[in-house]
Amino acid sequence: MRYYIDTYGCQMNVHDSEIIAGILEADGFLPAEAPEGSDVVLLVSCAVREHAETRVLGRTAQLGGISRKGSRHRPVLVLCGCVAQEHGGGLLDRFPDLDLVVGPDCYLQLPGLIRGSARTSMVEFRREDYEGVMPVRRDFPRAFVTIMRGCDNFCTYCIVPYVRGRERSRRADSVVSEVRDLSERGYREITLLGQNVNSYKDGETSFPVLLERVSEAAGDTWIRFVTSHPKDLVDDTVSVMAAHGNICRQLHLPLQSGSDAVLGRMRRGYTAAQYLEKIEALREAMPGIVLSTDMIAGFPGETEEDFSMTVDMMERIRYDYAFLFRYSERSGTAACGMDGSVPGEERLRRLGVLQDIQRRITLERSRDLIGRTVRVLVTGPARREGQQAARTGGNRMVVLQDTEFPPGSVVEVRIARADGWTHFGEPVEDR
Ligand code: SAH
Ligand code: SF4
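On a predicted model such as this, the values are computed, not experimentally measured, just so you know.

A short note on the site of ligand 2
For step 1, the next point in the chain: Around ligand 2, the neighbouring residues are Cys-151, Asn-153, Phe-154, Cys-155, Tyr-157, Cys-158, Val-160, Pro-161, Gln-195, His-229 and Arg-268.
For step 2, the next point in the chain: In terms of residue class, the shell around ligand 2 is built from seven nonpolar, three polar and one charged.

Take a look at the structure:
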C-alpha cells in the first residue's frame, strides 16, 4: 500500500509525520509522490488557531473528492493530529468521505485501522512517547528529536494541553543515543522538540543537564531546541548554551504580550520585567545571540495601553524575528469566555502595527550582517533554480547562487545583501 502525508502546523507536527511514516513503513507501506495514486492519505492537522483548523478541514473536504488515478477507488482518508483530537468521531458525520480520525497518542494503531474496514475514530490519551519507532526523516542534514510531549501549562488562550495531553519526558539515555546516532550518520543540525523543553525532567535529569549531555554526544553537529517557556528558562541553561560551541546562539523565547495585566490573564507565570532580565542574561552570556518571539495581539481585555507595552517591548528587545498572531478564540480554553473581547478588526489593526515594527527591525538587523563573513550549513536546493539554501547558527536563512555544495557542508560565506529574514551569501572558502 502507498501512503501520502500532508502536514500542517508546527515542527512538532512535522516530526509527528516522520513518526507516522516510520510506523507505516515498518508495516510494509511505501511512500507515494502525491495524494492521487496513493492508497491512503493522512492529514496531520493543527488546531492552534481557527484559521489553521479551517484550512485543514477545507483540505479534508477537498481530498475526500479525489479518485485514485486509473481507478474508481478513492484512497482511505485519515485525519490525524490536533484537529482530530479536538473534534473526534463527530468529524465522520461532517465529512462523509473521511474514513478515520486518529489523535496524536494513537498513531501506533494506524496500520491496523487503515487495513481494517471500519470508519472509526481513536482519540484516547495514552501518554504515548513513540519510544522504539524509527522516524522516517526526509530533511537531511537536519533532524528533529522529540524530548517531551504534551503540555501542563494551560496558558488561557491555548488549546495545546487539551489536544496533546499531559506533559511527559522521554528517557534521557534514549534521547542522547538518538542524537549520537544521528550525528554519526552525518546529520549536521538537530533540533530538540517539546512544547516547553525547559520543563523536561527524567528523574534527576533536568533540561540543562540533558542539553549538556546532548551537546557532548553530538560532536560537531549543531544543536537547537524549541520551545522555551520563559518562566522555566533557568540560568544553568544559559550557561550550558554559552559553554558549548555546538549549541546554536539562537533562542525562541515567546513573550506573548508586553503588559503584566495581560500576561497575568494569559497565565504565563512571568512579568515583562522578569522576561527582560532573562533577555539581558542571554545577551550578556552570548553577545549576538539571535532572538525570536511569539506575540498575540488583541487578547481579551487588552487595552490600548496594554498594547503599547507590547510595542515598547518589541522596540526595546529588537528581536531578530517574530511570529505574530491575532488572538483566536479556541473553545474549551479559559480565555474563551473572558470579558473584554477585542473586536476582530481591532485585533487585525494591532497585528498590522506589530508586523510593521518587526519588518523594519528584522530588516535593520539583517542588514547589519552585510559584508560580514558567517559560517552556514548548506541544507539543500532553494526554491529557485540554481540556488542553494543554507542556515546560519542563528537560524537565519541564507541563499547561495550557483553553488553545488553537498547538503550538510559547512561553508564560510560573505553576506552580500539581505531582504528581511533571507540573506544572500557568496562563498569565501569551503571545508
Ligand atoms: N508551546 C509553545 C507553542 C505553542 S503554540 C509555547 O509555549 O510557546 C505557538 C504559538 O501560537 C504560541 O506561542 C502563541 O503565540 C500562539 N497561539 C496559541 N494559541 C493561540 C490563540 N488562541 N490565538 C492566537 N495565537 C495563539
Ligand atoms: Fe500552549 Fe502555553 Fe503550553 Fe505553549 S506553554 S503549548 S502556549 S499552554
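A word on the domain arrangement of the protein chain
For step 1, the next point in the chain: Splitting the protein chain by domain gives domain 1 (2-122), domain 2 (139-248), domain 3 (256-368) and domain 4 (373-430).
For step 2, the next point in the chain: Interface area for domain 1 against domain 3, summed over the two sides, is near 430 Å², with a carbon-plus-sulfur share of 42%.
For step 3, the next point in the chain: Of all residues in domain 1, Arg-49, Glu-50 and Glu-86 give up the largest surface area on contact with domain 3, accounting jointly for 78% of the area buried on that side.
For step 4, the next point in the chain: Seen at the junction of domain 1 and domain 3, the total is one salt bridge.
For step 5, the next point in the chain: Between Glu-53 and Arg-330 there is a salt bridge; the shortest N-O distance is 2.8 Å.
For step 6, the next point in the chain: At the surface where domain 1 touches domain 3, the tally comes to three residue pairs in polar contact (both at pLDDT 80 or more).
For step 7, the next point in the chain: Per-class residue counts for the side of domain 1 that touches domain 3 are two nonpolar, no polar and four charged.

Observations concerning the site of ligand 1
For step 1, the next point in the chain: In the vicinity of ligand 1 lie 15 residues, with Arg-49, Gln-195, Gln-256, Asp-294 and Ser-328 positioned nearest.
For step 2, the next point in the chain: With respect to ligand 1, the side chain of Arg-49 contributes an N or O atom lying 2.9 Å from an oxygen atom.
For step 3, the next point in the chain: Expressed as a share of its isolated accessible area of 540 Å², the protein-covered part of ligand 1 is 90%.
For step 4, the next point in the chain: Of all elements in the fold, only strand S15 (290-297) and strand S16 (321-326) reach the threshold of two or more residues within the shell around ligand 1.
For step 5, the next point in the chain: Among the residues forming the shell around ligand 1, the class breakdown is six nonpolar, four polar and five charged.
For step 6, the next point in the chain: Counting the residues that make up the shell around ligand 1, at least three belong to each of domain 2 (139-248) and domain 3 (256-368).

Thoughts on the packing of aromatic side chains
For step 1, the next point in the chain: Tallied over the entire structure, the rule returns nine aromatic pairs.
For step 2, the next point in the chain: Consider the rings of Phe-140 and Tyr-187, whose centres lie 5.0 Å apart with planes at 65°: the pair is edge-to-face. Linking Phe-140 in the loop between strand S6 (120-122) and strand S7 (142-146) with Tyr-187 in the loop between helix H7 (172-184) and strand S10 (189-193), this pair joins segments that are 47 residues apart in sequence.
For step 3, the next point in the chain: Plain terms: the ring middles of Phe-207 and Phe-225 are 5.0 Å apart, the flat faces sit at 65° to each other, and that makes the pair edge-to-face.

Some remarks on the sheet that holds strand S1 (residues 2-7)
For step 1, the next point in the chain: Pairing is parallel across the open sheet formed by six strands, whose spatial order is S2-S1-S3-S4-S5-S6. Looking at strand neighbours, the two that pair on one side only are strand S2 (30-31) and S6, the edges of this open sheet.
For step 2, the next point in the chain: Two strands pair when backbone bridges link them, and S1 and strand S3 (residues 40-45) are joined in this way by five bridges, in the parallel orientation. Along S3, the bridge assignment pairs Thr-7 with Val-44.

Overview of the pairing of S1
For step 1, the next point in the chain: Of the strand pairs in this sheet, S1 and S2 are connected by two bridges, and their pairing is parallel. Considered in S2, the bridge of Tyr-3 is made with Pro-31.
For step 2, the next point in the chain: Note that the unit made of S1, helix H1 (residues 11-26) and S2 has a crossover that is right-handed.

Details of the layout of surface pockets
For step 1, the next point in the chain: A volume near 600 Å³ is recorded for the second largest pocket.
For step 2, the next point in the chain: Around the second largest pocket, the lining comprises 25 residues; the ones closest to its centre are Arg-249, Gly-288, Thr-392, Gly-393 and Gly-394.
For step 3, the next point in the chain: Residues that form the lining of the second largest pocket fall into these classes: nine nonpolar, six polar and ten charged.

Thoughts on empty space enclosed by the protein
For step 1, the next point in the chain: All told, the structure shown has one cavity of 30 Å³ or more when counted by the stated rule.
For step 2, the next point in the chain: In this structure, the largest cavity occupies an estimated 30 Å³ of space.
For step 3, the next point in the chain: Taken together, Pro-104, Asp-105, Arg-149, Gly-150, Arg-164 and Arg-168 make up the lining of the largest cavity.

Some remarks on helix H9 (residues 235-243)
For step 1, the next point in the chain: Of the residues making up H9, those classed as buried are Thr-237, Val-238, Val-240 and Met-241. An end-on view of H9 places all buried positions within 165° of arc, on one side of the element. Residues of H9 that are exposed and point over 90 degrees away from its buried face: Asp-235 and Ala-243.
For step 2, the next point in the chain: Looking at the buried positions of H9, the neighbouring elements they touch are helix H8 (207-217), strand S13 (222-226), strand S14 (250-252) and helix H11 (272-285).

As for the packing of H9 against H11
Angle between the axes and distance between the axes: these two values describe a pair of packed helices.
For step 1, the next point in the chain: The contact between H9 and H11 brings their axes to 10 Å, and the two run at 20°. With respect to their mutual orientation, H9 and H11 come out roughly parallel. Crossing angle aside, the handedness with which H9 passes H11 is right-handed. Listed contacts from H11 to Val-238, Met-241 and Ala-242 of H9 are Ala-281, Leu-282 and Ala-285.
For step 2, the next point in the chain: Looking at the contact of H9 with H11 residue by residue, the classes come out as six nonpolar, no polar and no charged.

Side note on the side chain of Asp-39
For step 1, the next point in the chain: Residue placement: Asp-39 occurs in the loop between S2 and S3.
For step 2, the next point in the chain: Residue class for Asp-39 comes out buried when judged on its relative accessible area of 19%.
For step 3, the next point in the chain: Within the local environment of Asp-39, its side chain forms a polar contact with the backbone nitrogen of Arg-2, the two atoms lying 2.7 Å apart.

Looking at the pattern of salt bridges
For step 1, the next point in the chain: Counted under the stated rule, the structure contains 34 salt bridges.
For step 2, the next point in the chain: Between Asp-181 and Arg-185 there is a salt bridge, and its shortest N-O distance comes to 3.2 Å.
For step 3, the next point in the chain: Residues Asp-356 and Arg-359 are paired through a salt bridge, measuring 3.1 Å at the closest nitrogen-oxygen approach. Taken together, the positions of Asp-356 and Arg-359, both in helix H13 (residues 344-367) and three residues apart, correspond to about one turn of that helix.

Analysis parameters
Residues numbered from 1 in each chain as written. Chains lettered and ligands numbered in written order. Predicted model: local features only at pLDDT ≥ 70, side-chain atom pairs only at ≥ 80, totals over all residues. Heavy atoms only, no water. Near = heavy atom within 4 Å. Nonpolar A, V, L, I, M, F, W, Y, C, P; charged D, E, K, R; others polar. Domains from an automatic or database assignment. Buried area = accessible area lost by both parts, 1.4 Å probe. Salt bridge = Lys/Arg side-chain N within 4 Å of Asp/Glu carboxyl O. Polar contact = N/O pair within 3.5 Å; in protein donor to acceptor, adjacent residues only side chain to side chain. Areas by Shrake-Rupley, 256 points an atom, 1.4 Å probe, with all protein chains shown as cover. Helix = DSSP H or I, 4+ residues; strand = E, 2+ residues; numbered from the N terminus. Phe/Tyr/Trp six-rings, centres within 6.5 Å; stacked < 30°, edge-to-face > 60°. Pairing = 2+ DSSP bridges. Right-handed = clockwise from strand over helix to strand, strands pointing away. 1 Å grid on protein atoms, 1.4 Å probe; cavity = no way out; pocket = protein on both sides within 12 Å on 5 of 7 lines; lining within 4 Å. Points joined across faces, edges and corners; volume = space filled by probe spheres on them. Buried < 20%, exposed > 50% of the residue type's maximum accessible area, 1.4 Å probe, protein only. Arc of directions from axis to C-beta. Contact = heavy atoms within 4.5 Å. Axes fitted to C-alpha atoms, helices over the stretch in contact; angles between N-to-C directions. Parallel < 35°, antiparallel > 145°, perpendicular 65-115°, else oblique. Left-handed = near helix turned anticlockwise from the far one by under 90°.

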